[in-house]
Amino acid sequence: MSHENKVVVPDLEMIGTGLKKRTELALADNFLRKAVAFTTDKLKTGRLNAMADIGNWEEWRERGRLIREHTISHLDYYLTQFTDNVTKAGGNVYFCSTASDAVKQFVEIAKKNEAKLIAKGKSMVSEEIHLNHHLEELGMEAIETDLGEYILQLAKETPSHLIIPAIHKNKQQIADLFSAKSGQTLPAETKPLAEYARKKLRNYFLEADIGLTGCNFGVAESGSITIVSNEGNGRMVSTLPRIHVVVMGMERLIPTFDDLEVMLNLLARSATGQKLTTYTSLITGPRHADDLDGPEEVHVIVLDNGRSAQLGDPIFQEVLNCIRCAACLNVCPVYRHIGGHAYGSVYSGPIGAVLTPLIQQDMKEAGELANASSLCGACFEACPVKIPLHDMLVHLRHRKVKMKLTPLAERIAFRTFQTMFGNVTVYKLVTKAAYYLQKPLLKNGNIEKGPGPMAGWTDSRYFPMKPKVSFREKWEKLQVELKQDSAKQTKRPNAGNGHLENDHKRGDHDES
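Treat the numbers as computed from the prediction; the structure is a model and nothing was measured.

### Remarks on the overall build of the protein chain
Scanning the protein chain for helices and strands turns up 22 helices and 13 strands. Taking 2.2 N^0.38 as the reference for a compact globule, 512 residues should give roughly 24 Å; the C-alpha atoms of the protein chain span a radius of gyration of 31 Å, well beyond that estimate. Put simply, the protein chain has 512 residues, and 47% of those count as buried. The contacts in the protein chain between residues at least 6 apart in sequence include a share of 73% that link residues at least 24 apart. Summed over all atoms, the accessible surface of the protein chain reaches about 26800 Å², with 54% contributed by carbon and sulfur. Here the protein chain carries 64 positive and 61 negative side-chain charges, and the mean point of each set is 8 Å from the other.

What follows is the structure in structure tokens.
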């Protein structure tokens, strides 16, 4: 395999290496950068086409925002209604404050049913609580049945994108993983690779003791679970095993089916540019006596894990409006260059940079993600429910500064910056001196290799040289010249007016 195709991504042990190190690894991976850019461009274009197709997109966005805002503002009411209706339909609901509580609850259900094999549909919340690793330690086998998640499970990697987890993998790498698993050499072609995965995974659907899924939306008025997917595994996992366990974030509710119609339109178009995803499943309780299929038991684990701390917060409550469409990832210039693993969290991109520090309640380590943004606002423009992520990132940076968690050198640098820009005389002296101080660093009119912290910028781009005469100096000079020209115009005699004045003095004017 060529060096260009070699993907270097942080494994679980590398998550704690810090944002800078993870970013360096991602930037050194040419294939990853090309693959992420290509796929996000495709998704972004699909979203724009889908927006144009539906018409009055801003009205849809505003309706979606109002639905989510109303739901989160009355979350206690809708959680109660949802729980009551799940119970009436024959299901069970468990509220878990922390990730460890959710893991314990799932393990309790599994042990009670003597479960050994768990077939999993796509679930970001189960990734959030690291469920697979806890089950493995207990001797239980959890198999990812979403194709992208299955590929990453074989590679021992975490998802790199919210809806396309293996966005950074190519066919040769997938063929190598499948070949190692199967013990036979598989070609790097889509059809045979898909056939192998289909054949392998179908056995798990039939043999699994428990099927586990996430939840895109819980409908409060009926207690229904909505699962949206472009693969059939979601329906198999939720119907073939005897027990179905749903793991969902506490904020993933909507009040009614009318609201669900709006959210499904926004989700499909924003995520993949589709009018509707291939499979949209609605599950209300376990199977009835006359049903042909379905689980005998349905258990819903509702996870808090730092979410409730945002309720009532005038700045961050809106982050709970997120519907996990990943539209913000697809337009983010930072995500485009470094992919998802550089964020060190299951939630990447702009939403991850905001959500991760909040739910982990960790501004020291996870808080550095707020710096992984250009603050361009593209995420807000793409968000189907208008979450102001760019504003939240600024507030997270402010929070980190207030907590004095920024490096000492950085605090000193910004105090110096404040002094420079707070005094006109000092500003003029410093900017004038900068022209001469930069000379040893110049090459071809640019600073190609900056000293100290500036090296982080110049490693991937040039820094333009400071001109000898600044714009401010040019502007002041121009103002002086304009005043001088104006003064000359005022002093110049007007011949016509002078003759008229003399005529009036002599009285030689025509009275006819």
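Next comes the rest of the account.
### Here we look at the pattern of salt bridges
Summed over the entire model, instances satisfying the criterion amount to 18 salt bridges. Among the salt bridges present, the one from Arg399 reaches Asp313, with a minimum N-O distance of 3.9 Å. Note that Arg399 is positioned in helix α17 (residues 389-402) and Asp313 in the loop between β10 (297-303) and α13 (327-331), a separation of 86 residues in sequence. Linked by salt bridges that have partners in common, Glu62, Arg65, Glu69 and Lys386 make up one network.

### Points about helix α3 (residues 57-73)
Along an α-helix, a turn takes 3.6 residues, which lines up residues three or four apart on a common side. Along its 17 residues, α3 runs 24 Å from first to last C-alpha, staying within 8% of the 24 Å computed at 1.5 Å per residue. Among all positions of α3, only Trp57, Arg61, Gly64, Arg65, Ile67, Arg68, Thr71 and Ile72 are buried. One face of α3 carries all of its buried residues, which in axial projection span an arc of 165°. Among the structural elements, α2 (30-54), α4 (75-88), β8 (253-254), α12 (257-271) and α16 (378-382) are those in contact with the buried residues of α3.

### Structural notes on the side chain of Thr71
Structurally, Thr71 is set in helix α3. Using a relative accessible area of 0% as the deciding quantity, one classes Thr71 as buried. If we ignore the near neighbours within four places in the chain, the residues touching Thr71 are Tyr78, Leu253, Ile254 and Pro255.

### Examining the sheet that holds strand β1 (residues 92-96)
If you trace the 6 strands from one edge of the open sheet to the other, you get β1-β10-β7-β4-β2-β3, paired in parallel fashion. Two strands lie at the open edges of the sheet, namely β1 and β3 (141-144), each paired on one side alone. Going from strand to strand, the sheet's axes swing by 20° on average, the running direction of each strand aside. As defined by bridge partners, strand β7 (residues 243-249) adjoins β10 across 7 bridges and the pair is classed as parallel.

### Details of the nonpolar core
Buried together is how nonpolar side chains tend to be arranged in soluble globular proteins. If you look at the biggest cluster of nonpolar residues, it comprises 102 residues, and the most contacted ones within it are Phe106, Ile225, Met263, Val300 and Val354. With residues near it in sequence (within four places) discarded, Phe106 still touches Ile118, Leu131, Leu135, Ile210, Leu212, Val245 and Ile301. Judged by nonpolar contacts, the second largest core, of 20 residues, contains Leu117, Ile174, Ala175 and Phe178.

### Considering the confidence of the model for the protein chain
Mean pLDDT over the protein chain stands at 90; residues scoring 70 or higher make up 93%. The model gives residues 1-15 a pLDDT under 50, and that stretch makes 31 contacts with residues more than four places away or in other chains. Predicted confidence for residues 500-512 stays below pLDDT 50, and this span has 1 contact to residues more than four positions away or in other chains.

### Description of the sheet that holds strand β13 (residues 463-464)
The strand order across the open sheet formed by 3 strands is β11-β12-β13, and the pairing between neighbours is antiparallel. Taken across any chain shown, the strands that pair with only one partner, and hence form the sheet edges, are β11 (442-443) and β13.

### Looking at the packing of aromatic side chains
According to the stated counting rule, one finds 9 aromatic pairs in the structure shown. For the ring pair Phe414 and Phe417, a centre distance of 6.4 Å and an interplane angle of 65° mean the geometry is edge-to-face. One end of the pair is Phe414 and the other is Phe417, both in helix α18 (residues 408-422) and 3 residues apart, which spans about a single turn. What makes Phe417 partly exposed here is its relative accessible area of 42%. One aromatic cluster is present, built from ring pairs that chain together Phe414, Phe417, Phe421 and Tyr427. Directly above the aromatic system of Phe380 lies the positively charged group of Arg61, at a separation of 5.7 Å from the ring centroid.

### What about helix α5 (residues 99-112)?
When the terminal C-alpha atoms of α5 are compared, their 20 Å separation across 14 residues agrees well with the 20 Å that a helix rising 1.5 Å per residue should span. Residues of α5 that are buried: Ala99, Ala102, Val103, Gln105, Phe106, Val107, Ile109 and Ala110. On its buried face, α5 sits against β1, β2 (117-120), α7 (131-137), β4 (210-213), β7 and β10. Among the residues trailing α5, Glu114 stands out with phi positive, at a value near 50°.

Criteria and thresholds
- Residues numbered from 1 in each chain as written.
- Predicted model: local features only at pLDDT ≥ 70, side-chain atom pairs only at ≥ 80, totals over all residues.
- Heavy atoms only, no water.
- Helix = DSSP H or I, 4+ residues; strand = E, 2+ residues; numbered from the N terminus.
- Rg over C-alpha atoms; globule rule 2.2 N^0.38 Å.
- Buried < 20%, exposed > 50% of the residue type's maximum accessible area, 1.4 Å probe, protein only.
- Contact = heavy atoms within 4.5 Å.
- Areas by Shrake-Rupley, 256 points an atom, 1.4 Å probe, with all protein chains shown as cover.
- Lys, Arg positive; Asp, Glu negative; His and termini not counted.
- Charge placed at Lys NZ, Arg CZ, Asp CG, Glu CD.
- Salt bridge = Lys/Arg side-chain N within 4 Å of Asp/Glu carboxyl O.
- Expected span 1.5 Å × (residues − 1).
- Arc of directions from axis to C-beta.
- Pairing = 2+ DSSP bridges.
- Axes fitted to C-alpha atoms, helices over the stretch in contact; angles between N-to-C directions.
- Core = buried A, V, L, I, M, F, W, Y, C linked by side-chain atoms within 4.5 Å.
- pLDDT = per-residue confidence, 0-100.
- Phe/Tyr/Trp six-rings, centres within 6.5 Å; stacked < 30°, edge-to-face > 60°.
- Lys NZ or Arg CZ within 6 Å of the ring centre and 35° of its normal.

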